[in-house]
Amino acid sequence: FEIGQDSIEPPEPLSLERLQESDIRIVSYNTLYTGIFDDYRQDNFKRILKSLDPDIIALQEHHNETIADINYLYYLIETWLGDSEWYISKSYSNNIILSRFPILQDKSLISSNRTMCVLLDTEDEIGNNLLVINSHLSCCDNNQGRQEQVDDFIAVWRDWVSLGEGPFDLEYETPFIHLGDFN
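Residues numbered from 1 in each chain as written. Predicted model: local features only at pLDDT ≥ 70, side-chain atom pairs only at ≥ 80, totals over all residues. Heavy atoms only, no water.

**Q** Is there a simple way to think about the overall build of the chain in this case?
**A** A tally of helices and strands in the chain yields four helices and eight strands. By principal-axis analysis of the C-alpha atoms, the chain measures approximately 60 × 45 × 35 Å. A buried classification covers 38% of the 183 residues belonging to the chain. Summarising the internal contacts of the chain: among those between residues at least 6 apart in sequence, 59% fall at separations of at least 24. Counting only carbon and sulfur atoms, one obtains 49% of the accessible surface of the chain, whose full area is about 11200 Å². Charge separation in the chain, taken as the distance between the mean sites of 12 positive and 33 negative side-chain charges, equals 5 Å. (Helix = DSSP H or I, 4+ residues; strand = E, 2+ residues; numbered from the N terminus. Buried < 20%, exposed > 50% of the residue type's maximum accessible area, 1.4 Å probe, protein only. Contact = heavy atoms within 4.5 Å. Areas by Shrake-Rupley, 256 points an atom, 1.4 Å probe, with all protein chains shown as cover. Lys, Arg positive; Asp, Glu negative; His and termini not counted. Charge placed at Lys NZ, Arg CZ, Asp CG, Glu CD.)

**Q** Explanation requested: the environment of Pro11 in the structure shown.
**A** Considering the arrangement of structural elements, one finds Pro11 in the segment before strand E1 (26-30). Remark: the alpha-carbon pair of Pro11 and Ile110, spanning 99 residues in sequence, is separated by 43 Å.

**Q** How do you make sense of the sheet that holds strand E2 (residues 56-60) when you look at a structure like this?
**A** Through backbone hydrogen bonds, the strands of a sheet pair up, either in parallel or in antiparallel fashion. Taken in spatial order, the four strands line up as E1-E2-E4-E3 in an open sheet, and their pairing is mixed. At either end of the open sheet lies a strand with only one pairing partner, and these are E1 and strand E3 (87-88). Examined bridge by bridge, E1 and E2 share five bridges and lie parallel to one another. Bridged to Val27 within E2 is Ile57. Running over the sheet, helix H2 (residues 67-80) touches E2, E3 and strand E4 (96-99) and is turned about 35° from E4. (Pairing = 2+ DSSP bridges. Axes fitted to C-alpha atoms, helices over the stretch in contact; angles between N-to-C directions.)

Structural data, given as structure tokens:
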């Protein structure tokens, strides 16, 4: 292996513009110990979220769950991205979802509460409601716990899709996205 003296052209910047105005942009962000409230890190969150201009934000490790904390999170997002109304789910084991689309339902999906979901009213935008699943699986060397959480989710999802036995009713062929910090 040898490192040469050749000059390399700088990379071409990536555009953050939406390909189509109707595109739905989703951001998943592990805030690392509720970092979005940390005065030293808050400007970074603001810059990133403003640049990405999401329609849906799924946060993990958002540990503050008091009404005042939820209101402060709503205030931050509304202040940073306030060109439309925002909706906020309940917090489930430090997972929370914020959306420009009304939240029709939100529930925890697995026994550890490390996976939650929301059903969003996106009928006008995509012709269906959208199911967003947000997970934050166990970290580091907790392989057994992580495996149990995945197994639990798969069992819940199988019963929901095949038997209609989920936390709320889903229309046939409801689009979904599963995101989060899977460790």
